[in-house]
Amino acid sequence: MRNFYPAKAILNFVIVAAFSTLIISCSKSQPKPPVNTEVPVTINAFVPAKGLPNTIVTITGTNFSTIVANNTVTFSGVIAKVNSVTASQMVVTVPVTATSGKIEIVSDGKKTVSATNFTVTTGTMNDYAIYSGIEIDQIKFDGTGRMFGADGTNVYEIKPGAQQVYYTKPPVSNFTGFAADATGNLYIPLGSAVLKVSPEKNVSVLAGTINDGGIIDGTGSSAKLAQSLDLPIDASGNLYYLDAACVRKITPAGVVTTIAGNKTGDRGYIDGKGNVAKFGVMTRAAVDPAGNLYVVDSDHFRIRKITSEGEVSTVIGNGLFGLTDGEGTNAQMFGPQSLVSDKEGNIFFSDADFENHLYRIRMLNKLGQVVTLISGNTISDIVNGPIGIATTSRPLGLAFDANGNLYIVNSGVHKISKVTFN
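Remember, it's a predicted structure, so these values are computed and weren't measured experimentally. (Residues numbered from 1 in each chain as written. Predicted model: local features only at pLDDT ≥ 70, side-chain atom pairs only at ≥ 80, totals over all residues. Heavy atoms only, no water.)

> Describe the sheet that holds strand 34 (residues 395-400), listing the residues and the values that go with them.
Within a sheet, each strand pairs with its neighbour through backbone hydrogen bonds, oriented either parallel or antiparallel. Across the sheet, which stays open at both edges, the five strands sit in the order 33-10-36-35-34 with antiparallel pairing between neighbours. Strands with a single pairing partner mark the edges of an open sheet, and in this sheet they are strand 33 (385-386) and strand 34. Judged from the five bridges that link them, strand 35 (residues 406-410) and strand 36 (residues 415-421) form a sheet pairing that is antiparallel. Each bridged residue has a counterpart across the sheet, and for L406 the counterpart in strand 36 is V419. (Pairing = 2+ DSSP bridges. Helix = DSSP H or I, 4+ residues; strand = E, 2+ residues; numbered from the N terminus.)

> How would you explain the layout of surface pockets if you had to name every residue and give the values?
Considering only enclosed or pocket space, the second largest pocket measures out at about 200 Å³ in volume. What lines the second largest pocket is L52, P53, V96, V120, T121, T122, G123, V371, T372, L373, P386 and I387. Residue composition of the lining of the second largest pocket, grouped by class: eight nonpolar, four polar and no charged. For the lining of the second largest pocket, the domains that each give at least three residues are domain 1 (42-120) and domain 2 (124-421). (1 Å grid on protein atoms, 1.4 Å probe; cavity = no way out; pocket = protein on both sides within 12 Å on 5 of 7 lines; lining within 4 Å. Points joined across faces, edges and corners; volume = space filled by probe spheres on them. Nonpolar A, V, L, I, M, F, W, Y, C, P; charged D, E, K, R; others polar. Domains from an automatic or database assignment.)

> Explain empty space enclosed by the protein to me, using residue names and the numbers behind them.
Tallying each qualifying case throughout the model produces one cavity of 30 Å³ or more. By volume, the largest cavity is sized at about 30 Å³. Along its surface, the largest cavity is lined by D137, Q138, A150, D151, G152, F175, T176 and G177. Considered class by class, the residues forming the lining of the largest cavity number two nonpolar, four polar and two charged.

> Tell me about the pattern of salt bridges, and please be specific about residues and values.
Under the defined criterion, the tally for this structure stands at 15 salt bridges. The residue R284 makes a salt bridge to D137 at a minimum N-O spacing of 3.4 Å. Here R284, found in strand 24 (residues 282-287), pairs with D137, found in the loop between strand 10 (123-130) and strand 11 (138-141); they are 147 residues apart in sequence, far enough to count as distant. Of the two residues examined, R284 and D137, each falls in the buried class. Between R304 and D297 there is a salt bridge; the shortest N-O distance is 2.8 Å. Both residues of the pair, R304 and D297, belong to the buried class. Sharing partners across several salt bridges, the network here consists of D217, D243, R248 and K263. (Salt bridge = Lys/Arg side-chain N within 4 Å of Asp/Glu carboxyl O. Buried < 20%, exposed > 50% of the residue type's maximum accessible area, 1.4 Å probe, protein only.)

> Outline the environment of T86, listing residues and values.
Summarising the element assignment, T86 is placed in the loop between strand 6 (81-85) and strand 7 (89-93). Judged by its relative accessible area of 40%, T86 is partly exposed. Taking the C-alpha atoms as reference points, T86 and N44, 42 residues apart in sequence, are found 14 Å from one another. Contact partners of T86, with chain neighbours within four places excluded, come to F64, S65 and T66. (Contact = heavy atoms within 4.5 Å.)

> Any details on the domain arrangement of the protein? Residues and values, ideally.
As assigned here, the protein comprises domain 1 (42-120) and domain 2 (124-421). One C-alpha centre belongs to domain 1, the other to domain 2; they are set 33 Å apart. When the two sides are added together, the surface that domain 1 and domain 2 hide from each other amounts to roughly 860 Å², 65% of it contributed by carbon and sulfur. Three residues stand out in domain 1 for area buried against domain 2, namely L52, N54 and I56, and they jointly supply 60% of the buried area on that side. The tally of links from domain 1 across to domain 2 stands at one salt bridge. A salt bridge links K81 to E327, with the nearest nitrogen and oxygen atoms 3.8 Å apart. Linking domain 1 with domain 2 are five residue pairs in polar contact (both at pLDDT 80 or more), by the criterion used here. (Buried area = accessible area lost by both parts, 1.4 Å probe. Polar contact = N/O pair within 3.5 Å; in protein donor to acceptor, adjacent residues only side chain to side chain.)

> I'd like a description of the sheet that holds strand 23 (residues 272-273), backed by residues and values.
Spatially, the five strands line up as an open sheet ordered 23-27-26-25-24, and their pairing is antiparallel. Edge positions in the sheet fall to strand 23 and strand 24, since each of these pairs with one other strand and no more. The sheet contact formed by strand 26 (residues 302-306) and strand 27 (residues 311-316) spans four bridges and is antiparallel. The residue of strand 27 that forms the bridge with K305 is S313.

> Break down the packing of aromatic side chains for me, with residues and values.
Evaluation of the coordinates by the stated rule reveals nine aromatic pairs. Ring centres of F46 and F118 lie 6.2 Å apart, and the angle between their planes is 55°; on these two criteria the pair is classed as tilted. Of this pair, F46 sits in strand 1 (residues 42-47) while F118 sits in strand 9 (residues 110-120), and the two are 72 residues apart along the sequence. There is no split in this pair, since F46 and F118 are both buried. Residues F141 and Y407 carry aromatic rings whose centres are separated by 5.0 Å and whose planes lie at 55° to one another, so their mutual orientation is tilted. Residue F141 is located in strand 11, and its partner Y407 is located in strand 35; the two are separated by 266 residues in the primary sequence. Classification of Y407 as buried rests on a relative accessible area of 3%. Aromatic rings pair up to connect F46, F75 and F118 into one cluster. Sitting over the ring of Y166, K201 keeps its end group 4.6 Å from the ring centre. The ring centre of Y269 lies 4.1 Å from the NZ or CZ of R302, which sits over that ring. (Phe/Tyr/Trp six-rings, centres within 6.5 Å; stacked < 30°, edge-to-face > 60°. Lys NZ or Arg CZ within 6 Å of the ring centre and 35° of its normal.)

The following block contains the structure:
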């Protein structure tokens, strides 16, 4: 006997089956919950871990926005200048009013905070040595820790509370600038020669010939030199002679080469490489740990940078004298009396408007940004104490010791001051 299903039942079955299939199909095609694909911003490290306001800090991490304007960096809540950025590195400047604490980055709205604190360095100035009867201009440390000072005629060994003549009356007096190397040799520019004084006080001529000037490259007495107003030295013992319109390099073996400027005495103001560059009168200079030379071009109120390859660029100054802090051509200098580099490559210089009794100890960082650390406005007194309170008087020579302490010749009160950094 055959079973027959009513047509209505069959229709209902088909409808139910189709509906079930639709439900199953729909359940399979339902969108999955969204996955959070936003990549976080991180800080992995920062170098250096401590420094004065205006120090350049390099922060490494991940997923930084490569657009400078999309990044905000703060040191303990104080906004810093972002100089450059890649996806994994930011170069920033420690704000002038920063205090020690965490570094925070907000990049494209994403926030991260450093695991450790950045320490903002502070300093305190105190008397180191008092001198009388002499007019100390420049000071230097040799590699053995001895401090020397010069007055244009004599070189003195200076100790707290005392000073004594170390080397006196070179063949040409009224010299300016001198150098001391890692092993205790002194170098004195004599106008047409560089004198070398050994730790045993044996005297020889390293390069050039006394009373026979000129501009000829060579070795020892075959080289000819004009007159240099300073004699900076690098970590390898190379000297830099600020000649008539060019910069000369003198090796420890007395080999003289011209690295920038021209040998014709043709002065001017042109940045460029080698003999393309032109300089005015160069008065003071310093070498940073990377081998870059910073030179005061006093004719053009600028500080010029010369790389080890002889590339010359202007770091600060716009051709007008002044004591305005800032960056690049927004910063002005008046009359820097001494330049010296710290271990991080920051350049410290004493600057002065002597006529109006305006004195400054200023810091130039590696990106050409300048701030004032210590000020003064009298020739009769200084104030010791923390940076921000301490004052200077007619500052001339500057020097760092091996521990990173800064020394200042306060010629207005015949004192050498010591700034100890934390």
